[in-house]
Amino acid sequence: MSYFLPEDDAVRTACQGLALTYPGIGLCVEPLYLLATRPAPPRRVALVTGGGAGHEPLHTGLLGRGGLDAVIPGPVFTSPSSAQIAAATQAAAALGQRDGVLHIVKNYTGDRINFRLAAEQVRSAGIPVAEVVIDDDLATEGAAAGRRGTAATVVVEKLLGAMADQGADLDTLAALGNQVAAASRSLAVCARAHTTPATRAPAFRLEPHELDFGIGIHGERAAHTTTEPHIVGRLVTRMVDELLGSVTPGEHGVIALVSGLGGTSDLELHAVGALLHHDLTTRGIHVHALAAGTYVSALDMAGFSITLTALAPAWPGLWDLPTDTPLRLPGPAASRTTTLTPPTTTFDHQGREQEQGQGSRAFLDELARLCASAHSDLTALDQASGDGDFGDNFCGGVATAVRHATATGLTGTSALADTFRDRVGGSSGPLFGILFSALAPGADHTPPDIPAIGAALHRALSRITAIGGASPGDCTLIDALAPASEAMVATHPSDSRRPLTAAALAAVEGARATAELTARRGRASYTGHRSAGRPDPGAVAVALVLIALARVHEPHPAAELPELPTITR
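Below, the structure is looked at part by part. From a predicted model like this one, the values you see are computed outputs, not experimental measurements. (Residues numbered from 1 in each chain as written. Predicted model: local features only at pLDDT ≥ 70, side-chain atom pairs only at ≥ 80, totals over all residues. Heavy atoms only, no water.)

When you go through the chain residue by residue, the secondary structure sums to 18 helices and 14 strands. Compactness check: the chain gives a C-alpha radius of gyration of 31 Å against a globular reference of 25 Å for 569 residues, more than 25% above the reference. On the principal axes, the C-alpha backbone points of the chain span a range of 105 × 50 × 40 Å. Intrachain contacts of the chain at a sequence separation of at least 6 include 72% that bridge at least 24 residues. When the 41 basic and 56 acidic side-chain charges of the chain are each reduced to a single mean position, those positions are 1 Å apart. (Helix = DSSP H or I, 4+ residues; strand = E, 2+ residues; numbered from the N terminus. Rg over C-alpha atoms; globule rule 2.2 N^0.38 Å. Contact = heavy atoms within 4.5 Å. Lys, Arg positive; Asp, Glu negative; His and termini not counted. Charge placed at Lys NZ, Arg CZ, Asp CG, Glu CD.)

Quick look at the structure:
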């Protein structure tokens, strides 16, 4: 994020932090540049690059053996000055026996001008200088200034670094750099603009249903905004279609690079990487290397780019060579996912195999309908008191149980017990697994076995209390389960037609009452009074379970139960 940059000399301070972290990197403060101080002895040509800050780990991440000799950072999204570049070039040329310097330049006007001016100055001092210009951005094809230089820079720098460490001369390296740049194309999309450091606000606004298709790494708007649904697989295919219109992979395949733009999680990037790999291999294209991570950012922009480099015969070996740099790029990709088989040990979960076909799944189906309505409210409640995952965990677990029951023939509560016990994580998985295991399979019988359900609620309450450590009043699901259990036990024989409705009403009131409690257990206990005034989502979910039971087995009395929004909100 760009909320926490120092007010003065932010880029210089960040460079100091990098040099302190990696002792093989030296820092010149005035003019500002970074130098790799432990070059490989065979290297005859220095590799020098730079550009505006805000794209890290671009450039600085590949500073060191197997990578770059010098990096010149400019202000955020602004090219460095020619004086900086000239000083860094001379310093890199003085590292050992150097025969020249190769400038690696992204195709932006400021970068091109300042690197050319610096090259003229350095040549006048007798140092040979050549230039490689990277212009891979497919979105700016046909622009008067040419294509922008973006994420293919990483591929160019990695291959050049490997070749330079083998003692290649200046002409050979310049030719390789130009060839790799010509064989590479990139395309980027974003769903949220970067935060401008000066204003601490997004540089531009996108609606939740919009994507900017073809943005630049300086936060430039794309030529058009798409309102297509955010289906990532479809988006990846569209990007690959366009990239393959300009990149022609041969028998050696491609390097496929997925780069986050600073505000995209590794979870998302690796998922995009898997989709990209599948898309390419389905088309018959060999993926020699798959790199997914944040390599070329745009401060904290939420988006990603895809880069494809069509490989020549010698390039895969260069990519695979190790580096001693802050950023470590992955080597050859797996041809397919390594699929593991879990241990064959089985556990006896209350004889669930014998439960198939005994009872119905009406309770499960009713709970699934309730979850469909309550999912967003449960998420909002958990966001106020925790990490916001409860709606996904609980309602996702119920949806999975529906599929499990369909596939196996298990009764509703047995499928719920299976699913929550074995497939749902967090605290909701094991705790609701205990509840559903206790209820199975009696809650699915018609008519219901009321004494068995009452005993099941009491048994679940005892186990959850023992395992979770919560007590009534701690603002947890116990505050709904305990009164429901008590209501079942206290049902008068004359009221035997509505014990489940009475238990559901007790659970609802218990859940509502948690809005007045201060959480003392679970994640909500970390947020103090921030969740005050809102019911606990776990308690609300218990109420939903009891409401579903009542609606299935006592439809007429259950009509008295309150509507869902009055419970969840």
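Anyway, onward from the coordinates.
Bringing the sheet that holds strand β10 (residues 211–213) into the picture now. Taken together, the six strands give an open sheet; going across it, the order is β11-β10-β7-β14-β12-β13, and neighbouring strands pair in mixed fashion. If you trace the sheet from one side to the other, it starts and ends with β11 (224–226) and β13 (287–293), each paired once. Neighbour-to-neighbour, the strand axes of the sheet open up by a mean angle of 20°, direction not taken into account. Relative to β11, β10 runs antiparallel, the two sharing three bridges. By the bridge assignment for β11, F213 is matched with H224. (Pairing = 2+ DSSP bridges. Axes fitted to C-alpha atoms, helices over the stretch in contact; angles between N-to-C directions.)

Quick look at the packing of aromatic side chains now. Two aromatic rings, taken as a pair, are described by how far apart their centres are and by the angle between their planes. Within the structure shown, the criterion is met by seven aromatic pairs. Three or more aromatic residues link up through ring pairs in this structure, and these residues are F390, F394, F420, F432 and F436. Over the ring of F213 we find R238, and its NZ or CZ is 3.8 Å from the ring centre. (Phe/Tyr/Trp six-rings, centres within 6.5 Å; stacked < 30°, edge-to-face > 60°. Lys NZ or Arg CZ within 6 Å of the ring centre and 35° of its normal.)

This paragraph deals with the state of the cysteines. Two cysteines whose sulfur atoms are joined by a covalent bond form what is called a disulfide. Counted by the stated rule, this structure contains zero disulfides. Cysteine C475 shares no disulfide, and the gap to the nearest cysteine sulfur, in C395, comes to 19 Å. (Disulfide = S-S within 2.5 Å.)

For the rest of this paragraph, the subject is the sheet that holds strand β1 (residues 25–28). Strands sit in the order β1-β2-β4-β3-β5-β6 across an open sheet of six strands; the sheet is mixed. Of all strands in the sheet, those with a lone pairing partner are β1 and β6 (129–134), marking the two edges. The mean angle between the axes of side-by-side strands here comes to 20°, regardless of whether they run parallel or antiparallel. Pairing of β1 with strand β2 (residues 33–36) involves four bridges; the strand directions are antiparallel.

On to the nonpolar core. Counting 65 residues, the largest nonpolar core has F394, F432, F436, L439 and L546 as the members making the most contacts within it. The contacts of F394, once residues within four sequence positions are left out, are C371, L378, F420, F432, A541 and V545. With 52 residues, the next largest nonpolar core counts L63, I104, L159 and L173 among its residues. (Core = buried A, V, L, I, M, F, W, Y, C linked by side-chain atoms within 4.5 Å. Buried < 20%, exposed > 50% of the residue type's maximum accessible area, 1.4 Å probe, protein only.)

For the rest of this paragraph, the subject is unusual backbone geometry. Cis rather than trans, the peptide bond between E56 and P57 has omega equal to 10°. By the secondary structure assignment, P57 is in the loop between β3 (45–53) and β4 (70–76). Positive phi is not limited to glycine here, since D9 has a value of about 55°. By secondary structure assignment, the location of D9 is in the segment before α1 (10–21).

Take T153: it is sitting in helix α4 (residues 152–164). Its relative accessible area of 0% is what places T153 among the buried residues. A polar side-chain atom of T153 sits 2.6 Å from the main-chain carbonyl oxygen of T150. The residues touching T153, leaving out its near neighbours within four places in the chain, are L58, H59, K106 and I134. (Polar contact = N/O pair within 3.5 Å; in protein donor to acceptor, adjacent residues only side chain to side chain.)

Here the second largest pocket defines a volume of roughly 430 Å³. What lines the second largest pocket is a set of 27 residues, and nearest its centre among them are A14, A53, G54, H55 and E56. For the lining of the second largest pocket, the elements supplying multiple residues, two or more each, are α1, β3 and β4. The leading source of residues in the lining of the second largest pocket is α1, at five residues. Among the residues making up the lining of the second largest pocket, the classes are represented as 16 nonpolar, nine polar and two charged. (1 Å grid on protein atoms, 1.4 Å probe; cavity = no way out; pocket = protein on both sides within 12 Å on 5 of 7 lines; lining within 4 Å. Points joined across faces, edges and corners; volume = space filled by probe spheres on them. Nonpolar A, V, L, I, M, F, W, Y, C, P; charged D, E, K, R; others polar.)

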